[in-house]
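Listed here are the chains, written in short residue letters.
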Amino acid sequence: MAETAPRHATYHDLQALPDHVTGEILAGELVATPRPSRRHSFAASHLGGGLVPPYGLGRGGPGGWVILVEPELGLGEDILVPDLAGWKRERFPREEADNWISVAPDWVCEILSPSTFRKDRITKMAIYARHGVPYAWYLDPGNRTLECFQLGGGVWALMGTWIDDDRVRAAPFQEVAIDLGTLWL
């Protein structure tokens, strides 16, 4: 019997998913995950809420960034949905023909959960590196940790790990301290 090549998922496959899931295409495979838990949503909302005023609006910080919650990224053949992503304002595409953003962000943050840990830390981290995303943060509400990575020469280097109620100043947002205690539900 002849073996058939696996079919690569298409954008149409993403559109056909029900509203209660988040869909991504990673290495040609359609990956659907349930909507985030309340602990996950709380951490993402509060981190974004802390970064947008100083970095997105220039209130109490340098400004100059566009920070979005769950943007759809079209990077090569992959369609990814990071929990948070940021672009330096001058790099952010205002208009594109497709729904996704085709310019790799300058920063991503994935909120880890047991069901997405492997996908976020292995599959997506490699895709972000391949597309030159300079900074990746991994926030784990279950373990109350934040790990911050910087890309150099195609390799991720750990800049630091913080826990519980630590106050964090980490690139690319080192000008303003983030109180991790405010991110845990």
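The structure this text deals with has already been given above.
The shown structure was predicted, so the numbers you read here are calculated from the model rather than taken from an experiment.

The rules behind these values
Throughout, residues of each chain are indexed from 1 in the direction in which the sequence is written. Since the coordinates come from a predicted model, pLDDT governs what is reported: local features require at least 70, and pairs of side-chain atoms require 80 or more to be given and counted, while whole-chain, interface and lining totals use all residues. Note that water and hydrogens are dropped before the side-chain values are worked out from all heavy atoms of the structure. Any residue under 20% of the maximum accessible area for its type is buried, any over 50% is exposed, and the rest in between are partly exposed; the area is computed with a 1.4 Å probe on protein chains only. The numbering of helices and of strands both runs from the N terminus, where a helix is a DSSP run of H or I of at least 4 residues and a strand a run of E of at least 2. Any two strands between which DSSP finds at least two bridges are classified as paired. Multiplying 1.5 Å by the residue count of a helix minus one yields the expected span of that helix. Only the contacting stretch of a helix is used when fitting its axis, a line to C-alpha atoms as for every element, and angles between N-to-C directions run 0 to 180 degrees. Contacts are assigned to residue pairs with any non-hydrogen atoms lying within 4.5 Å of each other. Buriedness of a pocket was judged along seven lines, with at least five required to meet protein on both sides within 12 Å; pockets are open sets of points on a 1 Å grid over the protein atoms alone, cavities are sets where a 1.4 Å probe fits but cannot get out, and lining residues have an atom within 4 Å of a point. Grid points are joined across faces, edges and corners, and a volume is the space filled by probe spheres set on the points. All residues other than Ala, Val, Leu, Ile, Met, Phe, Trp, Tyr, Cys, Pro, Asp, Glu, Lys and Arg, Gly among them, are scored as polar; the first ten of these are nonpolar and the last four charged. For this text, the term disulfide refers to a pair of cysteine sulfurs within 2.5 Å.

Novice: Account for the pairing of strand E7 (residues 107-111), with residues named and values stated.
Specialist: Across a regular strand the side chains alternate sides, sitting on one face of the sheet and then on the other. Of all the five residues making up E7, five are buried; the element is thus mostly covered by neighbouring parts of the structure. Along E7, one buried face is formed by Trp107, Cys109 and Ile111 and the opposite face, lined by Val108 and Glu110, is buried too. Here E7 pairs with strand E8 (residues 135-140) via five bridges, running parallel. Bridge pairing in E8 links tryptophan 107 to tyrosine 135.

Novice: Which residues make up helix H3 (residues 117-130), and what values go with them?
Specialist: Relative to the 20 Å expected for 14 residues at 1.5 Å per residue, H3 spans 19 Å between its end C-alpha atoms, a close match to the ideal helical length. Among the residues making up H3, those that are buried are Lys119, Asp120, Lys124, Met125, Ile127, Tyr128 and Ala129. With its phi angle positive at about 75 degrees, glycine 132 sits one or two positions after the end of H3.

Novice: How would you explain the sheet that holds strand E3 (residues 65-69) if you had to name every residue and give the values?
Specialist: Pairing is mixed in the open sheet, where six strands are placed in the order E3-E6-E7-E8-E9-E10. Single-partner strands in this sheet number two, and they are E3 and strand E10 (155-163). If you compare each strand with its neighbour and ignore which way they point, the axes differ by 15 degrees on average. Bridge analysis of E3 against strand E6 (residues 84-88) gives five bridges, and the strand direction is antiparallel. If you follow valine 69 over to E6, its bridge partner there is leucine 84. Of the strands in this sheet, E7, E8, strand E9 (145-152) and E10 touch H3, which is tilted by about 170 degrees from E7.

Novice: How would you sum up the layout of surface pockets? Please name residues and give values.
Specialist: Here the largest pocket defines a volume of roughly 250 Å³. Every element with two or more residues in the lining of the largest pocket is listed here: strand E1 (21-26), strand E2 (29-34), E7 and H3. At three residues, the largest contribution of residues to the lining of the largest pocket is made by H3. Here the residues of the lining of the largest pocket are counted per class, giving four nonpolar, seven polar and eight charged.

Novice: Tell me about the environment of alanine 32, residues and numbers included.
Specialist: Turning to its location among the elements, alanine 32 is positioned in strand E2. Residue classification places alanine 32 among the partly exposed positions, given a relative accessible area of 44%. Along the backbone, alanine 32 and valine 21 are eleven residues apart, and their C-alpha atoms lie at a distance of 6.1 Å. Setting aside anything within four residues of it in sequence, one finds alanine 32 in contact with Leu17, Val21, Thr22 and Gly23.

Novice: So what about the state of the cysteines? Which residues, and what values?
Specialist: Tallying each qualifying case throughout the model produces zero disulfides. Here cysteine 109 is not disulfide-linked; the sulfur of cysteine 148 is the nearest cysteine sulfur, at 8.0 Å. For cysteine 109, a relative accessible area of 0% corresponds to the buried category. Exposure remark for cysteine 148: the relative accessible area of 0% places this residue in the buried category.

Novice: Could you give an account of the environment of aspartate 179, naming the residues involved and the relevant values?
Specialist: Topologically, aspartate 179 is positioned in strand E12 (residues 178-179). Along the backbone, aspartate 179 and aspartate 164 are 15 residues apart, and their C-alpha atoms lie at a distance of 9.2 Å. Once residues lying within four places of it in the same chain are set aside, the contact partners of aspartate 179 are Asp165, Asp166 and Arg167.

Purely geometric numbers; function is a separate question.
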